[in-house]
Amino acid sequence: MYDSYYYDDFDAAFGSLFLIIMLICLVLSIASYVINSLIYYKASKINGFSDLAYIAWIPIINVYSFFLLTAKGEDNATVRAATKKNVLIYVGLILVSFIPFLGIIASLGLIGFTLYFTYRLFYRWTGETGKAVLYIILSFITFGLFFYIYGLMKMNKPFVA
C-alpha cells in the first residue's frame, strides 16, 4: 500500500492563521520600535543631547538613548559616564541571562533594572514619585501602550526633574 502525505483543509487553515499571527506580530514589533525610537530621539534633542539623538534610531544601540535620558549627574561628563556604566550593566545582565540557573536570577535583575530606569524616565517627565510609580503600573497593565501614548505626548517637552 502507498502512504502519501497531504494537507487537508485543517492544515491549510492552521497554516494561514499562523502566518496571519506572525505578520501581525511583525507589524506590531516594527511599530513599537519606531515609536520608541521617535520618543527617545525627540526627548534627546529637547533635553540637551542633540549630538547623540540619532542613536535612538540604531537597533540594539538605542538602549544608550534610554539610559542617557535617565542618567543622574551634575554635568554632561558625569551623565555620560553614568550612562556608559548603566549600559554595561544592562549588557552584562543580558549576557549572564543565557547561563543556566544564573540566567533566571539575571533575567529578574534585568526586569528590575529596566523597570527602575523606566520609572526614572517617568519621574523626569512628571517630577513626582507617585505619578511615576502609577505610570509604571499603567504601562505594565496596558502592555506598554500607556508608555507609548504618554511618551508621544511628552517627547517634545523638557524634563521637569
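Residues numbered from 1 in each chain as written. Predicted model: local features only at pLDDT ≥ 70, side-chain atom pairs only at ≥ 80, totals over all residues. Heavy atoms only, no water.

1. Focus: the confidence of the model for the chain
Any residue range with low pLDDT should be treated as having predicted coordinates unsuitable for detailed reading. Definition in use: A residue's pLDDT is the predictor's confidence in that residue, given on a scale from 0 to 100. Numbering of helices and strands runs from the N terminus; a helix is a DSSP stretch of H or I covering at least four residues, while a strand is a stretch of E covering at least two.
This prediction gives the chain a mean pLDDT of 92; 94% of its residues lie at or above 70. Helix 1 (residues 9-46) is the least confidently modelled element of the chain, averaging 92 in pLDDT, while helix 5 (residues 129-141) averages 96, the highest of any element.

2. Details of the packing of helix 5 against helix 6 (residues 145-154)
In a packed pair of helices, the relevant descriptors are the angle between the two axes and the axis-to-axis distance. Rules: As a rule, the C-alpha atoms of each element are fitted with a line to give its axis, helices using only the stretch in contact, and angles between N-to-C directions run from 0 to 180 degrees. Any angle from 65 to 115 degrees is called roughly perpendicular, while one under 35 is roughly parallel, one over 145 is roughly antiparallel, and all others are oblique. Should any heavy atoms of two residues lie within 4.5 Å, those residues are considered in contact. As a working rule, the residues Ala, Val, Leu, Ile, Met, Phe, Trp, Tyr, Cys and Pro are called nonpolar, Asp, Glu, Lys and Arg charged, and the rest polar, with Gly in that last group.
Where helix 5 meets helix 6, the axes come as close as 6 Å, and the angle between the chain directions of the two elements is 125°. In this view, helix 5 runs oblique relative to helix 6, as classed from their interaxial angle. On helix 6, the residues touching Tyr135, Leu138 and Ser139 of helix 5 are Phe146, Phe147 and Tyr150. When the residues that make up the contact of helix 5 with helix 6 are grouped by side-chain class, the tally is five nonpolar, one polar and no charged.

3. Topic: the environment of alanine 82
Defined as follows: Classification of residues uses two cut-offs on accessible area relative to the type maximum, computed with a 1.4 Å probe and protein chains only: under 20% is buried, over 50% is exposed, and between them is partly exposed.
As for its position among the elements, alanine 82 is in helix 3 (residues 76-96). With a relative accessible area of 17%, alanine 82 lands in the buried category. Between the alpha carbons of alanine 82 and leucine 69 there is a distance of 11 Å; along the sequence they are 13 residues apart. Filtering out sequence-adjacent residues up to four positions away, alanine 82 remains in contact with Ala71 and Lys72.

4. Regarding the environment of isoleucine 149
Inspection of the secondary structure assignment puts isoleucine 149 in helix 6. Separated by ten residues in the primary sequence, isoleucine 149 and serine 139 place their C-alpha atoms 9.7 Å from one another.

5. Observations regarding helix 4 (residues 102-126)
Our working rule: Expected span of a helix, by definition, is 1.5 Å for each gap between consecutive residues, and there is one gap fewer than residues.
When the terminal C-alpha atoms of helix 4 are compared, their 36 Å separation across 25 residues agrees well with the 36 Å that a helix rising 1.5 Å per residue should span. Residue glycine 127 follows helix 4 closely and has a positive phi angle near 85°.

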